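Structure assessment
Spelled out, the chains give:
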Amino acid sequence: MSKMEVKTSLLDNMIGLGDMVLLEPLTEESFIENLRKRFDHNEIYTYIGSVVISINPYRSLPIYTPDKVEEYRNRNFYELSPHIYALADEAYRSLRDQDKDQCILITGESGAGKTEASKLVMSYVAAVCGKGAEVNQVKEQLLQSNPVLEAFGNAKTVRNDNSSRFGKYMDVEFDFKGDPLGGVISNYLLEKSRVVKQPRGERNFHIFYQLLSGASEDMLKKLKLERDFSKYNYLSLDSATVTGVDDAASFRTVRNAMQIVGFMDDETQSVLELVGAVLKLGNIEFKPESRVNDMDESRVKDKNELKEICELLGIEQSVLERAFSFRTVEAKQEKVSTTLNVAQAYYARDALAKNLYSRLFTWLVNRINESIKAQTKKRKKVMGVLDIYGFEIFEENSFEQFIINYCNEKLQQIFIELTLREEQEEYIREGIEWTHIEYFNNSVICDLIENNTNGIMAMLDEECLRPGTVTDSTFLEKLNQICADHQHFESRMSKSSKFLNDHSLPHNCFRIQHYAGKVLYHVEGFMDKNNDLLYRDLSQAMWKANHSLIKSLFPDGNPAKINLKRPPTAGSQFKTSVATLMKNLQTKNPNYIRCIKPNDQKASHIFTDSLVCHQVRYLGLMENVRVRRAGYAFRQPYEACLERYKMLCKQTWPHWRGQARDGVEVLLKDLQIPAEEYSYGRSKIFIRNPRTLFSLEEQRKRRLHGLATLIQKIFRGWKTRTRFLLMKSSQVTVAAWYRRYAQQKKYKKTKSSAVIVQSFIRGWKARKILRELKYQKRCEEAVTTIGAYWHGTQVRREYRKFFRAHAGKRIYEFTIQRIMQKYFLELKNKTPSMSPSDKTWPARPYLFLDSTHKELRRIFHLWTCKKYRGQFTDQKKAIYEEKLEASELFKEKKALYPSSVAQPFQGDYLEINKNPRYQKLNSLVEEKIIFADVVNKINRANGKGTQRIFLLTKNKFMLVDQKSGHQIKSTVPLAELTSVSMSAQSDGFFALRVKEGTTAAAKGDFLLNSERVIEIITKLYRAGLNLTKEKIQIEITDEFLVQFKQDKVCVKFIQTSPKNGTTASCKRKNNRLLEVTVPSP
Ligand SMILES: Nc1ncnc2c1ncn2[C@@H]1O[C@H](COP(=O)(O)OP(=O)(O)OP(=O)(O)O)[C@@H](O)[C@H]1O
Ligand SMILES: [Mg+2]
């Protein structure tokens, strides 16, 4: 627990007393008064030490919320006001932390709230134990087993609308961490007689009503049932509905719970079929048939119902019918079949219904156990919760009540034993002397019932087994004989005349003084119920059913397993199981919840003193308190005690530094409590009288007021002081900051003022200096100027006599002249050679001579050219002129031209006037021959050439036969030559065109070929120009037309690679085309 957590105690804000142990004075009145006071304030729980008394409020109180669960979780038992959660928490924690198996024993009479209490404990444990998907499923299954078992095992009785008609003990198993693993349910003797008959104002088991109200039409049809309760003999009509209970809704809850617990759909269906079958069994009626030997034999009256049951359960109708009419007894390998009379048939029918139902119930418990059993074999811790039918007294009490009350008697005993033992053990543990205390021990009553030799049960068994005629009255007789002297047994038949006149005790009854009161038992039915016999024919009929569930419920019907030995009687079975339960409980740490019923009206807010008083008495609660207080009423661990009362003594307040026990000693001595009032145990202080505790509490309360004031005072002082200190320090901080700020501001202001003043002064000073400097500079300038002028004047005055006017200009001109002289002389020496092609020229000495220098160079060049030209003779000049002409005509126009440049134009290559071969020709021409050479005249027919001598004179050109050397083939005056055509390539072909209409034109144009074509054309051109002053047209093109007589033929020049020959050749392609192939250069 953290230091800050407020420690509370049960003793805080108590209404009445939370723990009865503190009751002072301890009387029955004060006890009940305390209960009533608390009950009126909705405090339904009260402690007696560690036992919880719970009073049924008969209404839902807001004390089971999740918040409450949290409040009680992990708190000490006495820390908060009494609650069932405190007990559950204590049990769970000691199971988890101290590894102690626990059992929670819930006792009280019918309707006192045991079942509700057990559910509260379970739900609390479920809420506080571990979480997780798997754990949650286990929890859910454990919790959901309740609605299923309640539907089948609870019924409305006059005492309780939801009365448990069976005993239930459930072991919840946990692992070492405290997480639930699973559980085991044990059931004890279901009150099966209720199936066939219910007392007035009571109902059959809930499930019948739930099924009829809640099942769908469809399902009812399948089960062959009708919704109307009144149709069924087994459902008493007077209280078919219970106020505040919705059977249909409960049916849905039950089915849902069955699903959660793990019932398969077909299992649920089978269960409901059986429930239906039981209901329908009640409707089978019998009639007497015939008399054989004075015996009437029964027959089923209306076979329809029987048929439906057989269909529902898969039984052959005849088998069941026979089982209701005959009874087979087997004795010593002999089978004797006797008929049943009507009464016996009814008895058989009811026995079957009861058996069917109770076996179904046992099967349900086993089936649930199968689902909820722990899935591990690890060691488990166990918390058992016992919720058994409460002690009950009806108008007519039978075997069932006897059994139920016996069970309660046993529980009371174990309560007495364990509480006493525990109390005793605590004293021993704590080393305190134990003083014996008187209390009523009910072991005598238990002995009366269960004693093996002369107990009531033993005698009942004996009577059942005895051969001969045995009836309930023979049993009663026997009781009367044997138990007559027992102080808790009362019977009118008893010889002790004490009860002979007691008319409240009928003859067929006996009465037992139970610990909880006297109960009158009617012996009728005791034998029968104890025997619990089902005719073998019936069990065999059931075993034969074609319905797996019903077959499994009746293994004794299997003829192969016939057991002639009698099964143990119901009473002895119950006795054994109770004995086992008791043994089981004794190994566990017990926790008690004692339930009390406040009124008989099942109403809230009503507290009937007499009723409560009765229960307080028989539950032995007063004894419980007395035992608890024997010697010491109150005990508390030293630490808790010191913590609670330490403020009562200066030495222990506020802190005790030593052992808690020493602290308590100091405390008690200081308070001057008489030494006999308390005792020191090993870990606890034991206080004898509650008064002492109350006086301690009183003092504590008063002291707490004082302490509260003190704390308040100190707190207020502290609060004000801290506030003051905080404010003071805040004020100092604020002031400091403000001062700093103000000083900063002031400083900045002063500083900036200083700077301004300073700057003004500096400016003023600087300006003053500047002014002075400027003045000084001006003075100096003035002085210099004046000095310069003065010097000038001085010098001029001095040198005037040496200078004449315009001397400067002359000197300048002279200087220039000198420079020019020097320039020309230098140029003369550096003049380059006379060759016009020499491009060298000396560098320019002065920039101003630039244009002169360039001009001189140009002139020099022209001059060298002129000199060069002057060397030529007239003849050579003419040759050059011709060459020049050729260049103008052909340069960059004809590819042949460059090769002609280096060759001198000789003109008469044939030397006509000298060569004797051409003597005759020479005489024929008469004129001076300008050009003579052999050319090829191209033949139009085949493109081949014929050699001709080409002659050119001043006026005409001629073509002369080369072979004869003088036969003139054609003569064309130059005036009739209009144009010349040739290619741009390196070939020698050319065409000479003659003016049309002339005599020369008759033969057409001439297509010739000569290496000297350049020279020929140049000369032709010059001669033509000289003669006619008109230029002959020269056409340079790679394709031109030539007029041969009438035809025009196209001459085309094509370049070929040099591979195809080095000379151009002409070929006739067709009539109109001559192709000249020219090798490319
Ligand atoms: N703590 C409670 N808060 C509100 N109602 C309660 C409480 N305890 C019991 N009741 C009411 O009292 C009725 C009877 O309680 P319960 O069934 O627990 O009695 P019982 O002791 O088990 O009786 P029986 O011995 O007949 O089984 C409940 O149906 C419920 O209405
Ligand atoms: Mg109950």
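Small disclaimer: the values here were computed from a predicted structure and weren't measured.

Regarding the packing of aromatic side chains
Scanning all chains against the criterion turns up 40 aromatic pairs. Here the aromatic rings of Phe475 and Phe526 are separated by 5.8 Å at their centres, their planes lie at 25°, and the arrangement is stacked. On the criterion of sequence distance, the pair formed by Phe475 in helix H16 (residues 472–483) and Phe526 in helix H17 (residues 526–531) is long-range, its members being 51 residues apart. The exposure class assigned to Phe475 is buried, which follows from its relative accessible area of 0%. Residue Phe526 is classed as buried on the basis of its relative accessible area, which comes to 0%. Cluster of aromatic residues (ring-pair linked, three or more members): Phe399, Phe402, Phe475, Phe489, Phe510, Tyr521 and Phe526. When the ring centre of Phe415 is taken as origin, the NZ or CZ atom of Arg594, which lies over that ring, is 3.7 Å away.

Considering the sheet that holds strand E26 (residues 1006–1009)
Strand pairs in the sheet, formed through backbone hydrogen bonds, run parallel or antiparallel to each other. The mixed open sheet is built from eight strands, whose spatial order is E23-E22-E21-E20-E26-E25-E24-E27. Strand pairing shows two members of the sheet lacking a second neighbour, strand E23 (968–973) and strand E27 (1033–1036), which therefore form its edges. Within this sheet the neighbouring strands show an average axis-to-axis angle of 30°, counted without direction. Here strand E25 (residues 989–994) pairs with E26 via four bridges, running antiparallel. Pairing of Leu992 across the sheet is with Phe1006, part of E26.

A few points about the confidence of the model for the protein chain
Here the protein chain averages 87 in pLDDT, and 97% of its residues register 70 or above. The least confident element of the protein chain is strand E8 (residues 286–292), whose mean pLDDT is 76; the most confident is helix H8 (residues 247–261), at 95. Low pLDDT, under 50, characterises residues 1–5; the predicted model gives this stretch three contacts beyond four residues in sequence or across chains.

A closer look at the side chain of Lys410
Secondary-structure assignment places Lys410 in helix H13 (residues 399–430). Exposure remark for Lys410: the relative accessible area of 12% places this residue in the buried category. Setting aside residues up to four positions removed in sequence, Lys410 forms contacts with Cys446, Glu450, Val578 and Met582.

Observations concerning the coordination of the magnesium ion (ligand 2)
On the protein side, the magnesium ion (ligand 2) has Thr115 (OG1) and Ser164 (OG) as donor atoms, found 1.9 to 2.1 Å from it. Residue Thr115 is located in helix H4 (residues 114–128), and its partner Ser164 is located in strand E5 (residues 163–164); the two are separated by 49 residues in the primary sequence.

Considering the sheet that holds strand E16 (residues 589–596)
In space, the seven strands of this open sheet follow the order E1-E2-E16-E3-E12-E6-E7, with mixed pairing throughout. Each edge of the open sheet is held by one strand with a lone partner, namely strand E1 (45–48) and strand E7 (180–188). Neighbour to neighbour, the strand axes of the sheet diverge by 20° on average, direction disregarded. Helix-sheet contacts for helix H12 (residues 342–372) involve strand E6 (167–174) and E7, and the interaxial angle to E7 is about 170°. Its contacts with the sheet put helix H22 (residues 621–629) on E1, strand E2 (51–55) and E16, and the angle it makes with E1 is roughly 50°.

Some words on the site of ligand 1
In the vicinity of ligand 1 there are 19 residues, among which Asn56, Ser110, Lys114, Thr115 and Ser163 approach most closely. Note that an oxygen atom of ligand 1 is positioned 2.7 Å from one of the side-chain N or O atoms of Asn56. For ligand 1, whose accessible area on its own is 620 Å², the fraction buried by protein is 87%. Listing elements by their share of the shell around ligand 1, those giving two or more residues are H4 and E5. Counting residues per element, the shell around ligand 1 draws most heavily on H4, which supplies three residues.

Considerations on a positive patch on the surface
Residues Arg762, Lys765, Arg767, Lys768 and Arg771 make up a contiguous surface patch of positive charge. Position of Arg771 among the secondary structure elements: in helix H25 (residues 690–799).

Regarding the environment of Thr608
Along the chain, Thr608 turns up in the loop between E16 and helix H21 (609–618). Owing to a relative accessible area of 26%, Thr608 belongs among the partly exposed residues under this scheme. Sequence separation between Thr608 and Phe957 is 349 residues, and the spatial gap between their C-alpha atoms is 178 Å. Sequence-distant contacts of Thr608, that is, excluding residues within four places in its chain, are made with Pro598, Asn599 and Gln601.

Conventions we followed
- Residues numbered from 1 in each chain as written.
- Chains lettered and ligands numbered in written order.
- Predicted model: local features only at pLDDT ≥ 70, side-chain atom pairs only at ≥ 80, totals over all residues.
- Heavy atoms only, no water.
- Phe/Tyr/Trp six-rings, centres within 6.5 Å; stacked < 30°, edge-to-face > 60°.
- Helix = DSSP H or I, 4+ residues; strand = E, 2+ residues; numbered from the N terminus.
- Buried < 20%, exposed > 50% of the residue type's maximum accessible area, 1.4 Å probe, protein only.
- Lys NZ or Arg CZ within 6 Å of the ring centre and 35° of its normal.
- Pairing = 2+ DSSP bridges.
- Axes fitted to C-alpha atoms, helices over the stretch in contact; angles between N-to-C directions.
- pLDDT = per-residue confidence, 0-100.
- Contact = heavy atoms within 4.5 Å.
- Donors = N, O, S within 2.8 Å, 3.2 Å for Na, K, Ca; no water.
- Near = heavy atom within 4 Å.
- Polar contact = N/O pair within 3.5 Å; in protein donor to acceptor, adjacent residues only side chain to side chain.
- Areas by Shrake-Rupley, 256 points an atom, 1.4 Å probe, with all protein chains shown as cover.
- Patch = residues over 30% accessible without salt bridge, like charges linked within 9 Å, V, L, I, M, F, W, Y side chains within 5 Å.
- Salt bridge = Lys/Arg side-chain N within 4 Å of Asp/Glu carboxyl O.
- Lys, Arg positive; Asp, Glu negative; His and termini not counted.
- Charge placed at Lys NZ, Arg CZ, Asp CG, Glu CD.

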